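Coordinate analysis (summary)
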Amino acid sequence: MVITFTLNGENVTVDTPPEKRLIDLLREDFKLYGLKSGCRVGQCGACTILLNGITALSCMIPAFTIKNNEIITIEGFRKTESFRDIQTGFEKASCVPCGYCISGKILCIHALLEENPQPNDSEILSALTGNRCRCDDIHTILNGVRYAALEREARKHRDKT
Amino acid sequence: MESDMPPSKEKHGNIEIKHKSAHTYIPGSVNELLQVYADHPGAVISAGGTYLYSTVFSESLPSPLNIISLKNIDELRRITRSERYLEVGACAPINSIVSISKKLLPGPLYDVLFGIATPTVRNMATLGGNLCVPGKRMDSASILSLLEARLEIRSSTKSSWIPISRFFNDDGSVSLGKGEVLTRIRIPLDDWNIGIYKKYGFYPFQGMEYLSFCGIAKEQRNILSDFRVAFSAGGPKILRNREIEAQLNGRRLPLMEKGRLPSLAAFQEILEETPYISPFLSARAFRLFRSFLTMLGQE
């Protein structure tokens, strides 16, 4: 089946079995290795992408349903100012999640800050419940997100003025 | 409507390999959906895909396979509210219902929906999908049963509204006939002034322990005017006992210890008769029921 969609800002076309999982399509056909294939049943969050601006799990999306949709993976997201807010926040908090979970965490934090620019601790924890990993302690993550929220707020303020 | 028909066989040298690719359909309206489902009554319907891809399709696809995706049907994602009802399209993502203010959702419905899986899964999972999981009564089933929601079932030839209690069969299947689809869920917006919801476990698959317990009640001038309790332990049925509810309705609040005992004993009996609940979860359910009785009249 030939499918056309927008991937990281570019229109792409691919010939694929329609039921192929999106994660396999992105990793095998487009060589986008930032998203990881973890549990493949929607529990670990390592395969998180932005589908039409909303976080989604690419392990549970069949390829045929993404026709004419917009997909952003961590590779596309890292070119944005929004990514830099989170990167700076993580640096300030010395927060270094592992290579397996970091892309999912960053996209979920982005989604959280877009919806709620000043989340409290329980809102942060709730937003990250789908990104299970033992690589980093929760206090460092909380600090990273707090700093990221401040960075984003300051950037938006700068952009306005 | 878009559809794709891949070749059913392909040749590699002298060996012919059966192709496992699916035939896929993406209808753009309910009418198109009903038509294509009437033509392919054995097709698998994919709403959010979270159940299908985490369980049914987790290893390999059955073949031959027709999949109908509901993602392009805006009518099925619509949420409307009147004075008396909240009407939710069967394919409305859980998060779009949660985004309605907590105060506007009846009883502990918000807590139930907010407790489903993770935020990213809730972006994809749908209320209709949660109700239609075969053999397992998931999170939303108990609360919608207590709220006495009604479901719209449509096929290419007819349309009807049924009470949710008639939707679930005793063997765990849902009562959808050939070519029938769940299209809308109508939830009455009664004012329940007492509610409880607790969940243990993530979801009832892969041998995980699971309990989803909820209770709602109305109190008027210290009288318990309407009391309802139901729970699901990941089995095929929602466990709700109307005799216990009737015993308690009309009682003066707060309930004294002596007044609670017959209901507690009856509830214990139900737990003992339920085959698929572990001793741990059985004890949990009992304690939750007891806490709910204690809560009454104290709020």
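**Comments concerning the overall build of chain B**
- Of regular secondary structure, chain B possesses 10 helices and 15 strands.
- For chain B, buried positions account for 43% of its 299 residues.

**Describing the overall build of chain A**
- A count of helical and extended segments in chain A gives six helices and five strands.
- Taken from N to C terminus, the helices and strands of chain A fall in the order β-β-α-β-β-β-α-α-α-α-α.
- For 161 residues, the compact-globule estimate of 2.2 N^0.38 gives 15 Å, and chain A sits close to it at 16 Å.
- Within chain A, the proportion of its 161 residues that are buried is 44%.
- Sequence separation of 24 or more characterises 64% of the internal contacts of chain A that already satisfy a separation of 6 or more.

**A word on the pairing of strand β2 (residues 10–15) of chain A**
Residues and elements named next belong to chain A.
- Counting buried residues along β2, only zero of its six residues qualify, which leaves the element largely exposed.
- With six bridges joining them, strand β1 (residues 2–7) and β2 adopt antiparallel strand pairing. Residue pairing across strands places Thr4 opposite Thr13, the latter belonging to β2.

**Thoughts on the confidence of the model for chain B**
Residues and elements named next belong to chain B.
- Counting all residues, the mean pLDDT for chain B is 88, and 90% of those residues have values of 70 or more.
- Across residues 7–19 the pLDDT falls below 50, and counting only partners more than four positions away or on other chains, this stretch makes 12 contacts in the model.
- Among the scores for the predicted complex, ipTM is 0.93 and pTM is 0.89.

**Examining the domain arrangement of chain A**
Residue and element names in this part refer to chain A.
- Per the domain assignment, the segments making up chain A are domain 1 (2–73) and domain 2 (81–160).
- Just the C-alpha atoms count here: the centres of domain 1 and domain 2 sit 23 Å apart.
- Among the elements that make up the side of domain 1 that touches domain 2, the one with the highest residue count is strand β3 (residues 48–51) (three residues).
- Here the residues of the side of domain 1 that touches domain 2 are counted per class, giving five nonpolar, six polar and one charged.

**Regarding the interface of chain B and chain A**
- In this assembly, 21 residues from chain B lie in contact with 24 residues from chain A.
- The dominant element in the side of chain B that touches chain A, judged by the number of residues it contributes, is helix α5 (residues 119–124) of chain B, at five residues.
- For the side of chain B that touches chain A, the per-class residue count stands at nine nonpolar, 10 polar and two charged.

**Side note on the sheet that holds strand β8 (residues 85–89) of chain B**
Residues and elements named next belong to chain B.
- Here five strands make up an open sheet; going across it, the order is β7-β8-β11-β9-β10 and the pairing antiparallel. Single-partner strands in this sheet number two, and they are β7 (79–81) and β10 (159–163). Across the sheet, the mean angle separating the axes of adjacent strands is 20 degrees when strand polarity is ignored.

**Here we look at the sheet that holds β1 of chain A**
Residue and element names in this part refer to chain A.
- Strand order in the open sheet formed by five strands is β2-β1-β5-β3-β4, and the pairing between neighbours is mixed. A strand with exactly one partner marks an edge of an open sheet, and here the two such strands are β2 and β4 (54–57). Adjacent strand axes in the sheet meet at a mean angle of 40 degrees, parallel and antiparallel pairs treated alike.
- Relative to the sheet, helix α4 (residues 102–115) contacts β3 and β4, its axis offset from that of β3 by approximately 40 degrees.

**Here we look at unusual backbone geometry**
Residues and elements named next belong to chain B.
- With an omega of -5 degrees, the peptide bond between Leu253 and Pro254 qualifies as cis.
- Mapped onto the secondary structure, Pro254 falls in the loop between α8 (242–248) and α9 (257–273).
- A positive phi angle is found at Ala117, which is not glycine, with a value near 45 degrees.

**What about the packing of helix α3 (residues 81–92) of chain A against α4 of chain A?**
Residues and elements named next belong to chain A.
- Contact pair α3 / α4: the axes reach a minimum separation of 10 Å and the direction vectors enclose 110 degrees. Taken together, the axes of α3 and α4 lie roughly perpendicular to each other. Between α3, through Ser82, Phe83 and Ile86, and α4, the contact on the second element is made entirely by Ile106, Ile109 and His110.

**Comments concerning helix α1 (residues 30–39) of chain B**
Residue and element names in this part refer to chain B.
- What α1 keeps buried is the set Val30, Leu33, Leu34 and Tyr37. All buried residues of α1 project into a common sector of 95 degrees when viewed along the axis, lining one side.
- Looking at the buried positions of α1, the neighbouring elements they touch are β6 (66–69), β9 (150–154) and β11 (181–188).

**Let's talk about α4 of chain A**
Residues and elements named next belong to chain A.
- The end-to-end C-alpha separation of α4 is 20 Å, in line with the 20 Å expected for 14 residues at 1.5 Å each.
- With respect to burial, α4 is a largely interior element, 11 of its 14 residues being buried.
- Within α4, the full set of buried residues consists of Ile102, Ser103, Gly104, Lys105, Ile106, Leu107, Cys108, Ile109, His110, Leu112 and Leu113.

**Concerning the environment of Gly42 of chain B**
- Its location among the elements puts Gly42 of chain B in the loop between α1 and β5 (44–46).
- Sequence spacing of Gly42 of chain B and Lys178 of chain B is 136 residues, and the spatial spacing of their C-alpha atoms is 8.2 Å.

**Topic: the environment of Val98 of chain B**
Residue and element names in this part refer to chain B.
- You can see Val98 is positioned in helix α3 (residues 94–98).
- The exposure class assigned to Val98 is buried, which follows from the 20 C-beta atoms found within 10 Å.
- Note: C-alpha distance between Val98 and Gly128 (30 residues apart in sequence) is 15 Å.
- Discounting chain neighbours no more than four positions away, the residues touching Val98 are Tyr110, Leu113, Phe114 and Arg122.

**Structural notes on the environment of Phe289 of chain B**
Residues and elements named next belong to chain B.
- For Phe289, the position within the fold is in helix α10 (residues 279–295).
- The class for Phe289 is buried, based on 24 C-beta atoms found within 10 Å.
- As a C-alpha pair, Phe289 and Gln35 span 254 residues in sequence and 46 Å in three-dimensional space.
- Excluding anything up to four places from it in sequence, Phe289 contacts Val229 and Phe267.

About the thresholds
- Per-chain numbering applies: the sequence of each chain, read as written, is numbered from 1 onward.
- To label them, take the chains in the order written and letter them from A, then take the ligands in the order written and number them from 1.
- Whole-chain, interface and lining totals are the exception, using all residues; otherwise, since this is a predicted model, local features are given only for residues with pLDDT of at least 70 and side-chain atom pairs are given and counted only at 80 or more.
- Secondary structure counts use DSSP, requiring at least four H or I residues in a row for a helix and at least two E residues in a row for a strand, with both numbered from the N terminus.
- To sort residues by burial, count the other C-beta atoms lying within 10 Å of each one's C-beta; a count of 20 or more means buried, 12 or fewer means exposed, and anything in between means partly exposed. C-beta atoms are built from the backbone.
- Only the C-alpha atoms count toward the radius of gyration. The rule for a globule is 2.2 Å times the residue count to the power 0.38.
- Contacts are defined on C-beta atoms placed from the backbone: any two residues whose C-beta positions lie within 7 Å are in contact.
- Two strands qualify as a pair provided that DSSP identifies no fewer than 2 bridges between them.
- Each residue gets a pLDDT score, which is the predictor's confidence in that residue and runs from 0 to 100.
- Domain extents, as shown, originate in an automatic or database domain assignment.
- In this classification, Asp, Glu, Lys and Arg are treated as charged, Ala, Val, Leu, Ile, Met, Phe, Trp, Tyr, Cys and Pro as nonpolar, and every other residue, Gly included, as polar.
- Only the stretch in contact is used when fitting a helix axis, every axis being a line fitted to C-alpha atoms; angles between N-to-C directions are given from 0 to 180 degrees.
- When an angle is under 35 degrees it counts as roughly parallel; over 145 it counts as roughly antiparallel; between 65 and 115 it counts as roughly perpendicular; any other value is oblique.
- The arc in question is the one traced by the directions running from the helix axis out to the C-beta atoms.
- Expected helix span is taken as 1.5 Å per residue step, with the number of steps being one fewer than the number of residues.

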